[in-house]
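Listed below are the residues making up each chain.
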There are 2 protein chains.
Amino acid sequence: MMELKVDLGERSYPIYLGEGLLKDCAAYFDKHAISKRAPLLVVTDESVARHHLQPVMDSLTAGGYKASSFIVPPGEGSKSLQMLEKIVTAALEAGLDRKSAIVALGGGVVGDLAGFAAASFMRGIAFVQMPTTILAHDSSVGGKVAVNHPLAKNIIGAFHQPEMVLYDVTTLQTLPQRDISAGLSEMIKHGLIWDADFVTWLENNREKLLSLDPEALQYGLYQGCKVKSLVVSQDERENGLRAILNLGHTIGHALEAVAGYNELLHGEAISIGMVGSARLAMKLGYSEDIYTVTKRILQSFGLPVRLPEQYDTARIMSALMHDKKFKEGTMTFIIPTAVGQVEIRNDVRREWVEEVVEQLKREA
Amino acid sequence: MMELKVDLGERSYPIYLGEGLLKDCAAYFDKHAISKRAPLLVVTDESVARHHLQPVMDSLTAGGYKASSFIVPPGEGSKSLQMLEKIVTAALEAGLDRKSAIVALGGGVVGDLAGFAAASFMRGIAFVQMPTTILAHDSSVGGKVAVNHPLAKNIIGAFHQPEMVLYDVTTLQTLPQRDISAGLSEMIKHGLIWDADFVTWLENNREKLLSLDPEALQYGLYQGCKVKSLVVSQDERENGLRAILNLGHTIGHALEAVAGYNELLHGEAISIGMVGSARLAMKLGYSEDIYTVTKRILQSFGLPVRLPEQYDTARIMSALMHDKKFKEGTMTFIIPTAVGQVEIRNDVRREWVEEVVEQLKREA
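Note that the coordinates shown come from a computational prediction; the quantities given were computed from them, not determined experimentally.

Moving on: the interface of chain B and chain A. Between chain B and chain A, the residue contacts involve 32 residues of the former and 32 residues of the latter. Summed over both sides, the interface of chain B with chain A buries roughly 2700 Å², with 57% coming from carbon and sulfur. Together, Glu85(B), Arg123(B) and Ile155(B) form the three largest contributors to the area buried by chain B at its contact with chain A, with a combined 28%. Across the chain B-chain A interface, the total number found is two salt bridges. Residues Arg98(B) and Glu238(A) are paired through a salt bridge, measuring 3.9 Å at the closest nitrogen-oxygen approach. Our count for the contact surface shared by chain B and chain A stands at 10 residue pairs in polar contact (both at pLDDT 80 or more). No other element matches the eight residues that helix 3 (residues 81-93) of chain B contributes to the side of chain B that touches chain A. Residues that form the side of chain B that touches chain A fall into these classes: 17 nonpolar, six polar and nine charged.

Rendered as structure tokens:
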């Protein structure tokens, strides 16, 4: 078992990483003085519930906790105000009060949704994260929680830090191959923005990671969470530094918007986006090396680096404008300058971005 | 013009009280460095819009601000997640971003709703309060914002402090008499929990207040806001002291729930509740004086002190149980012990409360 502290002053919390944590989760609830008098609500989705809900409920019950569960359909569509209202109905019917906790058992969608429920129920109650995807190593650190609005993703939300994150790597064994690669995409990003040694380790342990070797996974998740927590500790409310976590995300979000949210997985979209950022680095005068390394590592992990031809460049540019707004012809991008290093640049020209989108359609 | 600082560390903000502030509101926006580049959204209700929206929009436009407005139906029914979604639609269509502010122009409903929109839009943007009722002197201090759920009032919300409160007492001139008395009920409560001199002043200035004399109103609102801000400064997140603000509210909320939210105004319900609390004080051994004074002052302001016969005691008790839960036959109440003083007592017996509810039906 590994433990990592996310350092946020009085809102600091630990991430526990290990095998079999879910079936012993009550012990961690005890350790963090989660109230046994006030009922808990475990929020999860249908896919996760099938494999992992029972052991969690059994452990909580055996440990003397009163826990109910609420199961949402899987997928981004559950991140809505309508689903929030249903969770609050379940919370009221289960008798949750200010001393209660809401537990997110699942990936990013469940974490964001249940986290916003915890942030807003009775103006904020305790929150526990139990991620069950690789991708969620990213979303479970930093306290950003939200639901979507029909016009915009993650637009209604809060900053609400959990009491703890319980990351049971055995849950990852049931992930489909495509989700494994897509999840590792954020892990690679964490290396690329902050830690060249971690990038080297990722390349050397590629096969172990892709085959879900528990020890390698645990270490990779630990390092990924560590980079994110170091960044977030310095800029909890995203006033500056935290923006570097968006490497590949500006183009990535635009691709997701144009593709529809189910065609390209988030990790796949930011993989293409990171190659785009490396191409923008060249436009700004940096060497081709960073582009070569970025592309090589993403490809070796089975991630897409080429933008499918059918995505219309004009629509991508329009989605980019919507996301960030060009100011007088330039916009802000996170630019990789070397392996493990990025810069926040606000002088990226619109025409460069357009050229790069075209180039992305021709990546080999 | 009077100014009061609500002292909350880096979240401190001023309350400006005076005549004609709305038509010069842009000057206050300038003073607080509200961004002119990012659009503003003014949220108000149909009744308030009729009288006060145009001067606000005119001032903002003349001052170089880009402001849109969003008008909700008046009444508690607008405090819903559905209305929140509509406000977010309006905010997105108006192009609001992280530097934008949402402005609440209206009473408690508009303040709570627009405040929660500001708390959650893009995970929190700036918020400006412009109260237009006497009652809102209470809700505009302290940062509690929320919407209702079909099963419970104010159950989905946040703590989100405004940048400033602009309290234009001229807006109060259009209030109906019943709303005036009901609004003064919270002002009287602030005297009763904290400041005996203010209670004396209230009694001496009753006629001026009821006839909306601007100078008396301004002073009364100032003192009411001051009591609330002193309490909130010591306990922003309601861990202890802040509970004293609930004098009369436990019984009051139960009456509102049983009556339906439109039959009894909030200020009327807590007026009856405050008489009930004074009766509970006698059960706990305190002198009859506090009961006599409480009842006298509330009656003199035209507020109800007797519970209408038709309200079923069993239903009131059941609503009380739902609100707070009796623990082993006792529950927590705010008990007045002298004029300007209260205690938080958790040894109030269920049967006393039931007796008091019956007695309230026979108040002369």
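This part covers the nonpolar core. Nonpolar side chains in soluble globular proteins generally cluster together in the buried interior. Residues and elements named next belong to chain B. Ranked by internal contacts, the top residues of the largest apolar core, which has 78 residues, are Ile15, Ile134, Leu202, Leu255, Phe301, Ile316 and Phe333. Each of domain 1 (2-174) and domain 2 (177-360) accounts for three or more of the residues forming this core. The residues touching Leu255, leaving out its near neighbours within four places in the chain, are Leu264, Ala269, Ile272, Leu307, Tyr311 and Ile316.

For the coordinates displayed, the defined rule picks out 42 salt bridges over all chains. Measuring nitrogen to oxygen at the nearest pair gives 3.7 Å for the salt bridge that ties Glu256(B) to Lys153(B). Of this pair, Glu256(B) sits in helix 10 (residues 249-259) while Lys153(B) is found in strand 8 (residues 152-159), placing the two residues 103 residues apart along the sequence. Taking relative accessible area as the criterion, Glu256(B) reaches 2% and is therefore assigned buried. Bridged by salt links that share partners, the residues Asp138(A), Glu186(A), Lys189(A) and Lys228(A) form one connected network.

Right, let's get into helix 6 (residues 177-194) of chain A. Given a rise of 1.5 Å per residue, 18 residues ought to cover 26 Å, and the 26 Å separating the end C-alpha atoms of helix 6 of chain A matches this to within 8%. Among the 18 residues of helix 6 of chain A, 14 are classified as buried, and the element is accordingly described as predominantly covered.

Further remarks concern the relation of the copies chain B and chain A. Overlay of chain B on chain A (RMSD 0.0 Å): rotation 180°, translation along the axis 0.0 Å. Those values place the two copies in the arrangement expected of a two-fold rotation axis. Proximity to the rotation axis, assessed at the C-alpha, singles out Leu81(B) in chain B; its C-alpha lies 3.3 Å from the axis. When the interface residues of chain B are mapped onto chain A, 100% of them again fall at the interface, so both copies present the same face.

All right, on to empty space enclosed by the protein then. All names here are of chain A. Inspection of every chain in the model, using the stated rule, returns three cavities of 30 Å³ or more. One number sums up the size of the largest cavity: a volume of about 50 Å³. What lines the largest cavity is Gly108, Gly111, Asp112, Phe127, Gln129, Ser139, Gly143, Lys144, Val145 and His160. The element contributing the most residues to the lining of the largest cavity is helix 4 (residues 108-120), with three residues. Of the residues assigned to the lining of the largest cavity, the class counts are two nonpolar, six polar and two charged.

So, about unusual backbone geometry. Residues and elements named next belong to chain A. Of note in this structure, Leu212 is not a glycine but carries a positive phi near 60°. Relative to the elements of secondary structure, Leu212 occurs in the loop between helix 8 (206-210) and helix 9 (214-234). The class for Leu212 is buried, based on a relative accessible area of 7%.

Residue and element names in this part refer to chain B. Read across the open sheet, the seven strands follow the order 1-2-9-6-5-3-4; overall the sheet is mixed. In the strand order of this sheet, the two ends are held by strand 1 (2-6) and strand 4 (67-72), each with one partner. The sheet shows a mean angle of 20° between the axes of neighbouring strands, direction not considered. Direction of pairing for strand 6 (residues 126-131) relative to strand 9 (residues 164-168): parallel, over a ladder of two bridges. Directly across from Val128, in strand 9, lies its bridge partner Met164. On the sheet, helix 2 (residues 46-62) packs against strand 3 (40-45), strand 4, strand 5 (101-106) and strand 6 and is oriented at approximately 155° with respect to strand 3. Lying over the sheet, helix 4 (residues 108-120) contacts strand 3, strand 4, strand 5 and strand 6, oriented at roughly 175° with respect to strand 5.

Parameters at a glance
Along each chain, the written sequence defines residue order, and numbers are assigned to residues from 1. Written order determines the labels here, with chains lettered from A and ligands numbered from 1. For this predicted model, a pLDDT threshold of at least 70 governs which residues receive local features, and a threshold of 80 or more governs which side-chain atom pairs are given and counted, while totals over whole chains, interfaces and linings are taken from all residues. Side-chain metrics rest on all non-hydrogen atoms present in the structure, leaving aside hydrogens and water. Working rule for contacts: check all heavy atoms of both residues, and any pair within 4.5 Å makes them a contact. Defined here as a combined quantity, buried area equals the accessible surface (1.4 Å probe) lost by two parts on assembly, summed across both. Just to be clear on terms, a salt bridge is a Lys or Arg side-chain nitrogen sitting within 4 Å of an Asp or Glu carboxyl oxygen. Distance and chemistry together define a polar contact, namely a pair of N or O atoms within 3.5 Å, with one atom able to donate a hydrogen and the other to accept it when in protein, and with adjacent residues in sequence counting only for side-chain atoms on both sides. Runs of H or I in DSSP of at least four residues are treated as helices and runs of E of at least two as strands, each being numbered from the N terminus. Charged residues are taken to be Asp, Glu, Lys and Arg, nonpolar residues to be Ala, Val, Leu, Ile, Met, Phe, Trp, Tyr, Cys and Pro, and polar residues to be all remaining types, Gly included. We call a set of buried Ala, Val, Leu, Ile, Met, Phe, Trp, Tyr and Cys residues a nonpolar core when their side-chain atoms join them within 4.5 Å. Exposed residues in this analysis have more than 50% of their type's maximum accessible area, buried residues have under 20%, and partly exposed residues fall in between, with area computed by a 1.4 Å probe over protein chains only. Note that the domain bounds reflect an automated or database-derived domain assignment. Helices are assigned an expected span. That span is 1.5 Å times one less than the residue count. The fit set for superposing copies consists of C-alpha atoms from residues with pLDDT of at least 70 in both; the fit itself is least squares. The definitions used throughout rest on a 1 Å grid laid over the protein atoms alone, on which a cavity is an enclosed set of points accommodating a 1.4 Å probe that cannot get out and a pocket is an open set flanked by protein within 12 Å on both sides along at least five of seven lines; lining residues are those having an atom within 4 Å of a point. Grid points are joined across faces, edges and corners, and a volume is the space filled by probe spheres set on the points. Strands are labelled as partners when DSSP assigns at least two bridges between them. The angle between two axes is taken between their N-to-C directions and runs from 0 to 180 degrees, where each axis is a line fitted to C-alpha atoms and a helix contributes only its stretch in contact.

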